Amino acid sequence: MKYGLDRELISMEQDKFMINFSSLQRKRLFEEVSDALKEAILKGEYQVGDKLPSEMELAEAFDVSRSVVREAIRYLELTGLVTIKQGATGGAFVSEMSNNIFQIYMRDMVAFGHISVSQYIEIRRYIEPEVSRLAALRATDKDLEYLEQSVLLSKNGKPGDEFLINNMGFHQ
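Since the structure is predicted, the reported quantities are computational estimates derived from the model, not experimental observations.

J.: Hey, could you run me through the layout of surface pockets in this one?
T.: In this approach a probe as big as a water molecule rolls over the atoms, and the regions it shows empty are the leftover space. One number sums up the size of the second largest pocket: a volume of about 260 Å³. In terms of lining, the second largest pocket is formed by 17 residues, of which the most central are Glu 55, Ile 73, Ile 84, Gly 91 and Ala 92. Listed by contribution, the elements that provide at least two residues to the lining of the second largest pocket are helix H3 (55-62), helix H4 (66-78), strand S1 (82-85) and strand S2 (91-94). The dominant element in the lining of the second largest pocket, judged by the number of residues it contributes, is H4, at 4 residues. Partitioned by chemical class, the residues of the lining of the second largest pocket number 7 nonpolar, 5 polar and 5 charged.

J.: What exactly am I supposed to notice about the packing of helix H2 (residues 29-42) against H4 here?
T.: Closest axis-to-axis distance for the H2/H4 pair is 8 Å, and the angle between their directions is 55 degrees. Overall, the two elements H2 and H4 adopt an arrangement that is oblique. You can see that H2 and H4 cross each other, and the crossing is right-handed. Taking contact as the criterion, the partners of Leu 29, Phe 30, Val 33, Ser 34, Leu 37 and Lys 38 in H2 are, on H4, Val 68, Glu 71, Ala 72, Ile 73, Tyr 75 and Leu 76. Here the contact of H2 with H4 is built from residues that sort into 9 nonpolar, 1 polar and 2 charged.

J.: Sorry, what's going on with H2 here?
T.: For H2, with 14 residues, the first-to-last C-alpha span of 20 Å sits near the 20 Å given by 1.5 Å per residue. Every buried residue of H2 is accounted for by Phe 30, Val 33, Ser 34, Leu 37, Ala 40 and Ile 41. With its buried residues spanning 120 degrees around the axis, H2 presents them on a single face. As for H2, its buried residues are in contact with H3, H4, S1 and S2. Downstream of H2 by a residue or two, Gly 44 has a phi angle that is positive, lying close to 90 degrees.

J.: Help me understand the pattern of salt bridges, please; the structure alone is not making it clear to me.
T.: Side-chain pairing between opposite charges can occur once the charged atoms of the two side chains come close. By the definition in use, this model includes 8 salt bridges. For Arg 66, the salt bridge identified is with Glu 55, shortest N-O distance 3.4 Å. Here Arg 66 is found in helix H4, whereas its partner Glu 55 is found in helix H3, with 11 residues between them in sequence. Arg 66 gets classed as partly exposed once you look at its relative accessible area, which sits at 42%. Residue classification places Glu 55 among the partly exposed positions, given a relative accessible area of 24%. For Arg 124, the salt bridge goes to Glu 128, with nearest N and O atoms at 2.5 Å. Here Arg 124 pairs with Glu 128, and both are found in helix H6 (residues 117-138), just 4 residues apart, close to one helical turn. Linked by salt bridges that have partners in common, Glu 55, Arg 66 and Arg 70 make up one network.

J.: Looking at this model, I keep getting lost on the side chain of Ser 34. Mind explaining?
T.: For Ser 34, the location among the structural elements is in helix H2. Residue classification places Ser 34 among the buried residues on the basis of a relative accessible area of 1%. Here the side chain of Ser 34 touches Glu 31 through a polar contact of 3.1 Å, landing on its backbone oxygen. Not counting the four nearest positions on each side in its chain, Ser 34 is found in contact with Ala 72, Tyr 75 and Leu 76.

Definitions and limits used
Residues numbered from 1 in each chain as written. Predicted model: local features only at pLDDT ≥ 70, side-chain atom pairs only at ≥ 80, totals over all residues. Heavy atoms only, no water. 1 Å grid on protein atoms, 1.4 Å probe; cavity = no way out; pocket = protein on both sides within 12 Å on 5 of 7 lines; lining within 4 Å. Points joined across faces, edges and corners; volume = space filled by probe spheres on them. Helix = DSSP H or I, 4+ residues; strand = E, 2+ residues; numbered from the N terminus. Nonpolar A, V, L, I, M, F, W, Y, C, P; charged D, E, K, R; others polar. Axes fitted to C-alpha atoms, helices over the stretch in contact; angles between N-to-C directions. Parallel < 35°, antiparallel > 145°, perpendicular 65-115°, else oblique. Left-handed = near helix turned anticlockwise from the far one by under 90°. Contact = heavy atoms within 4.5 Å. Expected span 1.5 Å × (residues − 1). Buried < 20%, exposed > 50% of the residue type's maximum accessible area, 1.4 Å probe, protein only. Arc of directions from axis to C-beta. Salt bridge = Lys/Arg side-chain N within 4 Å of Asp/Glu carboxyl O. Polar contact = N/O pair within 3.5 Å; in protein donor to acceptor, adjacent residues only side chain to side chain.

Nothing here speaks to function; it is all geometry.
Here it is in structure tokens:
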């Protein structure tokens, strides 16, 4: 009987020990590939406009299937980091980062009810002054000319779609 009791105690001690572990998050292969490509882009190994190696070359380099590479490239396209072009001269090209991805993300957050419109406006009120300050500090002569043109078009434009288009140009 003592043996059974000891075994029970050992089992209880092991259970206590196991409770302290949290489950590990395993990345899927396409996430590992996309992370590696993203890191190479952010380090400057690939510049804006550069074509990434072909699916076959990347599959060999990462020792994964072409479908894994394809999924990784699609993910990078969704994040705005690459653009995919079809055809003989096509492939995955490093994109210039823009704020479009952030805008889409925020719009979706509101649409799916994760944040309210008032929270979205609050976020914009917090972020926009700093973005404006940095834009003013970093503006080139060409940027300033574009801004001036956008302001003139907004002032002289008709209400409606034309105003919205000019307003969007100003905010880019």
